[in-house]
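An overview of the molecular structure
Residues per chain are reported as follows:
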Amino acid sequence: CLPANQERLSGGRLSTVQFHPSAQVILTAGLDRCVSLFQVDGIKNPKIQSIYLEGFPIHKACFSADGEQVIATGTHHKMFYVYDMMGGSIIPVHQVRGMEERFVRDFEVSPDGSLMLLTGTSGYLHLLSMKTKELISTMKANGRCTASAFTPDSSKIYTYSKEGEVFIWDVKSRKCLHKFEDEGSLGGKCIAVSRNNQYVACSSTSGVVNLYTTEVCLSEKNPKPVKAIMNLVTAATSVTFNPTTEILAVASKGADEAVKLV
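Please read these numbers as outputs of a predicted model, since none were measured by experiment.

1. Here we look at unusual backbone geometry
Despite not being glycine, Ser 154 has its phi angle at roughly 65 degrees, a positive value. Tracing the sequence through the fold places Ser 154 in the loop between strand 13 (145-150) and strand 14 (156-161). Here Arg 174, not a glycine, exhibits a phi torsion of approximately 60 degrees, which is positive. Its place among the elements puts Arg 174 in the loop between strand 15 (165-170) and strand 16 (176-181). A residue is classified by how much of its surface remains accessible, and Arg 174, at 29% relative accessible area, is partly exposed.

Here it is in structure tokens:
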């Protein structure tokens, strides 16, 4: 296949690549302060448009669940941007009232499209309304949160701490339902929940990716993984399931071509 972004290669390292939830479109964003959209046809992959955000190297960009908005956070910024694709407008969100954070970087969008979860410092997790971008509630975990994931029905949130603990939150009550230790974890890196809600994958700084069934995650303090994937020797910085939960992709930024499909 041709490079997806061949009509506009990034001038800096890409921090995000994401397919549109319903259209044959791909989004790229990175340190060159640009969000670009391409039509993926495999022949030419024509560029649809690029949005330049001045003085704003992009840490993460993501489509909303309905695919009508793109949210982008910077590397060291308090604010974030919302790009409304229908109206063609770029809306800066300078300060979320009630949220005291020096900068906003990592976030997740709920699959049902109603919520946005911002990962703060010192274990604070901020739930925002996707519609208004206003703060609904704040939750607090022990230690520092390094990764979060919504369950497919948007009813629960899994957060992974730097200390290797996983907290499971109920979205409605905002209470912690359960927590467990990720076996052998030297430090949490990223977490993923499969689309059929059958598995949870936790990857740590050692490069080991543990695969659990959601059943044991919800009931045991020290669950045993169904499988420990040892193929990576550097920290696993990305884990994701394919839509049918038959393949798990694990990857590491720490080495060239460190991608495994399990």
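2. Quick notes on the pattern of salt bridges
A complete count under the given rule lists four salt bridges for this structure. In this structure, the salt-bridge partner of Asp 32 is Arg 8, at a minimum N-O distance of 2.9 Å. Of this pair, Asp 32 sits in the loop between strand 2 (25-30) and strand 3 (34-39) while Arg 8 sits in the segment before strand 1 (14-19), and the two are 24 residues apart along the sequence. For Arg 8, a relative accessible area of 22% gives the class partly exposed. A salt bridge links Glu 108 to Lys 60; its shortest N-O distance comes to 3.1 Å. Here Lys 60 lies in strand 5 (residues 58-63) and Glu 108 lies in strand 9 (residues 107-109), a separation of 48 residues in the sequence. The exposure class of Glu 108 is partly exposed, given its relative accessible area of 28%. On the accessibility criterion, Lys 60 (18% relative accessible area) is buried.

3. Things to note about the nonpolar core
Judged by nonpolar contacts, the single largest core of 28 residues is most densely connected at Tyr 158, Ile 191, Val 209 and Leu 248. Of all hydrophobic cores here, the second largest spans 16 residues; its members include Leu 27, Ile 51, Ile 58 and Met 79.

4. Let's talk about a positive patch on the surface
Residues Arg 13, Arg 144, Lys 162, Lys 189 and Lys 253 make up a contiguous surface patch of positive charge. When you line up the elements, Arg 13 lands in the segment before strand 1. With a relative accessible area of 51%, Arg 13 lands in the exposed category.

5. Some points on the sheet that holds strand 17 (residues 188-193)
Note: strands within a sheet are paired through backbone hydrogen bonds, in either parallel or antiparallel orientation. What the four strands build is an open sheet, ordered 17-18-19-20; its pairing is antiparallel. The strands lining the two open edges of the sheet, one partner per strand, are strand 17 and strand 20 (227-229). Strand-to-strand twist in this sheet, taken as the mean axis angle between neighbours without regard to direction, amounts to 20 degrees. Inspection of the sheet shows strand 19 (residues 209-213) paired to strand 20 by three bridges, in the antiparallel sense. Bridging from a neighbouring strand, Val 209 pairs with Ile 229 of strand 20.

6. What to know about the packing of aromatic side chains
Taken as a whole, this structure holds three aromatic pairs when the rule is applied. Note on Phe 56 and Tyr 81: the rings are 4.8 Å apart at their centroids and 85 degrees apart in plane angle, and the pair reads as edge-to-face. Of the two residues, Phe 56 sits in the loop between strand 4 (47-52) and strand 5 while Tyr 81 sits in strand 7 (residues 80-84), which places them 25 residues apart along the sequence. Looking at Phe 56, the relative accessible area reads 1%, which means it is buried. Among the residues examined, Tyr 81 registers a relative accessible area of 16% and is labelled buried. Their ring planes at 25 degrees and their centres at 6.3 Å tell us that Phe 167 and Trp 169 sit as a pair that is stacked. Side by side, Phe 167 and Trp 169 carry an identical accessibility label, which is buried.

Criteria and cut-off values
Numbering of residues starts from 1 in every chain and runs along the sequence as written. Predicted model: local features are reported for residues with pLDDT of at least 70 only, side-chain atom pairs are reported and counted for 80 or more only, and whole-chain, interface and lining totals are derived from all residues. Where side-chain values are given, they derive from all heavy atoms of the structure, hydrogens and water being excluded. In this text, helices come from DSSP runs of H or I with a minimum length of four residues, and strands from runs of E with a minimum of two, each type numbered from the N-terminal end. Buried residues are those whose accessible area, probed at 1.4 Å on protein chains only, stays under 20% of the maximum for their type, while exposed residues exceed 50% and partly exposed ones sit between those limits. Salt bridges, as used here, are contacts in which a Lys or Arg side-chain nitrogen is within 4 Å of a carboxyl oxygen on Asp or Glu. The term nonpolar core refers to a set of buried residues drawn from Ala, Val, Leu, Ile, Met, Phe, Trp, Tyr and Cys, joined through side-chain atoms within 4.5 Å. Residues with no salt bridge and a relative accessible area higher than 30% make up the patches, which join like charges within 9 Å and nonpolar side chains (Val, Leu, Ile, Met, Phe, Trp, Tyr) within 5 Å. Note that accessible areas follow from Shrake-Rupley with a 1.4 Å probe, and for residues the cover is restricted to the protein chains shown. As used throughout, the charge tally considers Lys and Arg to be positive and Asp and Glu to be negative, leaving His and the chain termini uncounted. Think of each charge as sitting on NZ of Lys, CZ of Arg, CG of Asp or CD of Glu. A strand pair is defined by DSSP finding two or more bridges across the two strands. For helices, the fitted axis covers only the stretch in contact; all axes are lines through C-alpha atoms, and the angles between them, taken along N-to-C directions, range from 0 to 180 degrees. For Phe, Tyr and Trp, rings pair up if their centres lie within 6.5 Å, where Trp contributes its six-membered ring, and each pair is then called stacked (planes under 30 degrees apart), edge-to-face (over 60) or tilted (otherwise).

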